[in-house]
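Chain residues, written in single-letter form:
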Amino acid sequence: MRISTKARMNRMFTNGGCLDVAIDHGVCNEPSFLKGLENMEAVVDSLVQAGPDAVQMTYGQADLLQNRPEKDKPALVMRIDMGNPYNDQRHRYMWSHLQNADEPIIGALEMDAACVVVNLFMLPDEPELFSQCVQNISKVRAACHKYGMPLMIEPLVMLPNDVRGGYQVDGDAEKIVTLTRLAMEMGADIIKADPTDDPEDFHRVVEAARCPVLVRGGGKEDLKTVLKKTSALLQQGAKGAVYGRNIYQHDNPSQVVKALIAMIHDGVSGEEAWEIYQSAQ
Ligand SMILES: O=C(CO)COP(=O)(O)O
């Protein structure tokens, strides 16, 4: 791994763990996902004050992290792919038009990103999406290496669009391990993996990854459940989490961030994290 790649990753994994708060949903998700993100300046201000390791944003949002004292500034994880929220097949990429991937990586460097993130979709009813993602990752991987930019790959094993409203995590450990393995083989520096239905299986995902694994959210659940599940996944070897709606759609996002940080960085249990959350209510 190039020294600049490692140095950028160290900005995210300050003491080996990372809480990355995702607010990049505007590039592919329908309006319900954007509830809570209307005033992006206010969201970023309150998140930064709570102190996550990273915030996951798009090129168009990334300026919101600038002009802050270096010590308060979370690392920028930049989303560089996108879908089409107006298409019936909502996850269809537009990336097949790209001739090379230098431009998004140069954009990420310009915004001082610590890493870039792209999807590796496996949807039973959209098989062509998988090959688009593979083509995309091949180009992005080469450009990341050239510029010393860490690549986070997000293998998503999804249920068909018509099941439970679409955009739902499958949760099957066999499928998640297989797609994680593929992301590793393609050269991921960090993998953002689906949670397995049974958290006890998650160590197999970690073993397949051969690089730091962060758990992705994938839906909105009540906070106590989120904390309990996250704690179990951390015990199985996850280095942290990338959560969006479970944080920014919560009544008190900054307190949720503090509870998650206590688990990821101080090793407190799910129950203790719940108490930390409640102490501010
Ligand atoms: O990383 C994410 C989106 O890019 C995760 O978001 P959710 O936690 O809202 O599923």
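Please refer to the structure higher up on the page.
Description of the structure in this document. What you see is a predicted model; the values in this text were computed from it and never measured.

1. Concerning the overall build of the chain
Helices and strands together make up the secondary structure of the chain, namely 10 helices and eight strands. Against the compact-globule benchmark of 19 Å for 281 residues, the chain has a radius of gyration of 17 Å, which places it among compact chains. Across its three principal axes, the chain shows a C-alpha extent of roughly 50 × 40 × 35 Å. In the chain, which comprises 281 residues, the share counted as buried stands at 57%. Considering only residue pairs separated by 6 or more positions, the chain has 71% of its internal contacts joining residues 24 or more positions apart. Element-wise, carbon and sulfur atoms account for 51% of the exposed surface of the chain, whose accessible area totals about 12100 Å². For the chain, the distance from the average position of its 28 positive side-chain charges to the average position of its 39 negative side-chain charges is 4 Å.

2. Here's the deal with helix 9 (residues 253-266)
A rise of 1.5 Å per residue sets the reference length of helix 9, with its 14 residues, at 20 Å; its end C-alpha atoms lie 19 Å apart and thus fit the reference within 8%. Those residues of helix 9 that fall on the buried side of the exposure criterion are P253, S254, Q255, V256, V257, A259, L260, I261, A262, M263, I264 and H265. Looking at the packing, one finds that the buried side of helix 9 touches strand 1 (18-22), helix 2 (40-50), helix 7 (223-235), strand 8 (240-243), helix 8 (245-248) and helix 10 (270-279). The first or second residue beyond helix 9 is G267, which carries a positive phi of 70 degrees.

3. Describing the site of the ligand
Residues in close proximity to the ligand total 13 residues, the closest being D24, H25, K192, G244 and R245. With respect to the ligand, the backbone of G244 contributes an N or O atom lying 2.8 Å from an oxygen atom. A distance of 2.7 Å is found between an oxygen atom of the ligand and a side-chain nitrogen or oxygen belonging to R245. Tallied by class, residues from the shell around the ligand come to three nonpolar, six polar and four charged.

4. Let's talk about the environment of G240
Looking at where G240 falls in the secondary structure, it is placed in strand 8. Its relative accessible area of 1% is what places G240 among the buried residues. Those residues within four positions of G240 in sequence are excluded, and the remaining contacts are C18, V213, L214, V215, L234 and I264.

Each value, and the rule that gives it
- Residues numbered from 1 in each chain as written.
- Predicted model: local features only at pLDDT ≥ 70, side-chain atom pairs only at ≥ 80, totals over all residues.
- Heavy atoms only, no water.
- Helix = DSSP H or I, 4+ residues; strand = E, 2+ residues; numbered from the N terminus.
- Rg over C-alpha atoms; globule rule 2.2 N^0.38 Å.
- Buried < 20%, exposed > 50% of the residue type's maximum accessible area, 1.4 Å probe, protein only.
- Contact = heavy atoms within 4.5 Å.
- Areas by Shrake-Rupley, 256 points an atom, 1.4 Å probe, with all protein chains shown as cover.
- Lys, Arg positive; Asp, Glu negative; His and termini not counted.
- Charge placed at Lys NZ, Arg CZ, Asp CG, Glu CD.
- Expected span 1.5 Å × (residues − 1).
- Near = heavy atom within 4 Å.
- Polar contact = N/O pair within 3.5 Å; in protein donor to acceptor, adjacent residues only side chain to side chain.
- Nonpolar A, V, L, I, M, F, W, Y, C, P; charged D, E, K, R; others polar.

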